[in-house]
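# Inside the fold
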Amino acid sequence: MAERQDGFCLREVLAAFRACLTAEQTVLMDPYLRGWNGLIRFLNSLGTIFSFVSKDAVTKIQIMEKYRSSDQRERYETLQTMVEYELASGLVSLKNRGECPESGCRTILRLHRALHWLQMFLEGLRTSQEDSKTSVICTDSYNASLANYHPWVIRKAATLAFCALPTRNAFLENMNLGTPEEAVDMLGEALPYVCKVYEITEELYAKHKMLDLP
Ligand code: 1PW
C-alpha cells in the first residue's frame, strides 16, 4: 500500500460534512469543499492508481473554489443560493453542456453523485464482516451508483483500480480513526450527516429538475 499522507484523518472529513448542515436545512459550500478536499487526500493515500479517480474531482472542486473567491462569492455561500442565482441568471444549461460547461450546478451535481458512492461504500465497509473484500464492497457500491453515469471505459478503469484496495482492516486503520472497531463506531456516528447532506442536495436538484444536467 502507498505511504499515508501526513495527518490524514477521516474524522475531519466527516466533521466537515457535518458542518455543512445549517439549521435551515441548507448546505454550506465551504465545508462541503473542505470535506471533498479531505476525501481527495484520502484517495491519494490509497496509491497513485487512484489519482485518475481523484483528478476529475479535484478539477471540479477547483471550479467551485474559484466561484467562492470571486466577486460573486456570496451567491455561492450555500448550494441553495447557488441554484437560485445560476437559474435566475441563465447560467445553467439544461440541455447542452457546451453552453455552460462550468456552471456550479452541473459541477456540484457530479460531486453529489460521487458522494453517493462514497456514502454507500463507507456504509458497506461499516456493516461488512472482517474478512470481506473491500474491492467487492467498492465495486458493488460503485455499480449501484456512480457507474450509471460513466461510459464503459471509465467503468473499466475504475473497477480495475478497486482491485488494488487494501484489506478491510488495513483500510479502516488507514482512516486514522483508531482500531478497526473504533473506526466502525465512528462511521456509524458520522455517516448519517453525509447521508443528510446527500438527501438535501438530491431534493434541491429534484425540485428544480436538475438531476440530469448535461
Ligand atoms: C474509495 C472512495 C471513493 C470516493 C471517490 C469519489 C471520487 C469519484 C470520482 C470519479 C471520477 C472518475 C473519472 C471521471 C469521470 C468524469 O467524466 C465524471 N466525473 C465524476 C465525478 O463522476 C463526469 O464529469 P463530466 O465529464 O460530466 O464533467
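This text goes with the structure placed above it.
Below you will find a few notes about this structure. Computed from a predicted model, the values in this text were never measured in an experiment.

## What about the environment of Val184?
Along the chain, Val184 falls in helix H9 (residues 180-207). Val184 sits 57 residues away from Thr127 along the chain, and the two C-alpha atoms are 8.0 Å apart. Ignoring any residue separated from it by four or fewer positions in sequence, one finds Val184 in contact with Arg126, Arg168 and Leu172.

## Re a nonpolar patch on the surface
A surface patch of nonpolar side chains, amounting to about 420 Å² of accessible area, comprises Phe52, Trp152, Val153 and Ile154. Residue Trp152 is classed as exposed on the basis of its relative accessible area of 59%.

## Focus: a negative patch on the surface
Taken together, the side chains of Glu130, Asp131, Glu173, Glu181, Glu182, Asp185 and Glu189 present a region of like negative charge at the surface. Of the residues forming the negative patch, the biggest block, four residues, is contributed by H9. On the secondary structure map, Glu182 appears in helix H9. Overall, the relative accessible area of 44% leaves Glu182 in the partly exposed class.

## Comments concerning the state of the cysteines
Counted under the stated rule, the structure contains zero disulfides. Unpaired in this structure, Cys100 has its nearest cysteine sulfur neighbour in Cys105, at a distance of 9.6 Å. Free cysteine: Cys138, not disulfide-bonded; nearest cysteine sulfur from Cys163 at 9.8 Å.

## Focus on the site of the ligand
Taken together, 15 residues lie around the ligand, and Asp56, Lys60, Arg106, Arg110 and His150 are the ones closest in. Here an oxygen atom of the ligand and a side-chain polar atom of Arg106 are 2.7 Å apart. One nitrogen or oxygen atom from the side chain of His150 is found 2.8 Å from an oxygen atom belonging to the ligand. Coverage of the ligand by the protein amounts to 88% of the 700 Å² it exposes when considered alone.

## Side note on the environment of Ser132
Relative to the assigned elements, Ser132 resides in the loop between helix H5 (104-127) and helix H6 (134-143). As a C-alpha pair, Ser132 and Ala15 span 117 residues in sequence and 27 Å in three-dimensional space. Residues contacting Ser132, with those up to four places away along its chain left out, are Ile137 and Arg168. Here Gln129 takes part through its backbone oxygen, which lies 2.8 Å from a polar atom of the side chain of Ser132.

## Regarding unusual backbone geometry
Across the chain, the bulk of peptide bonds are trans and the bulk of non-glycine residues have phi less than zero. Within the chain, Gln25 stands out as a residue other than glycine whose phi angle is a positive 65°. Mapped onto the secondary structure, Gln25 falls in the loop between helix H1 (10-20) and helix H2 (29-45). Taking relative accessible area as the criterion, Gln25 reaches 42% and is therefore assigned partly exposed. Despite not being glycine, Asn176 has its phi angle at roughly 60°, a positive value. Residue placement: Asn176 occurs in the loop between helix H8 (168-174) and H9.

Thresholds, definitions, all that
- Residues numbered from 1 in each chain as written.
- Predicted model: local features only at pLDDT ≥ 70, side-chain atom pairs only at ≥ 80, totals over all residues.
- Heavy atoms only, no water.
- Helix = DSSP H or I, 4+ residues; strand = E, 2+ residues; numbered from the N terminus.
- Contact = heavy atoms within 4.5 Å.
- Patch = residues over 30% accessible without salt bridge, like charges linked within 9 Å, V, L, I, M, F, W, Y side chains within 5 Å.
- Areas by Shrake-Rupley, 256 points an atom, 1.4 Å probe, with all protein chains shown as cover.
- Salt bridge = Lys/Arg side-chain N within 4 Å of Asp/Glu carboxyl O.
- Buried < 20%, exposed > 50% of the residue type's maximum accessible area, 1.4 Å probe, protein only.
- Lys, Arg positive; Asp, Glu negative; His and termini not counted.
- Charge placed at Lys NZ, Arg CZ, Asp CG, Glu CD.
- Disulfide = S-S within 2.5 Å.
- Near = heavy atom within 4 Å.
- Polar contact = N/O pair within 3.5 Å; in protein donor to acceptor, adjacent residues only side chain to side chain.

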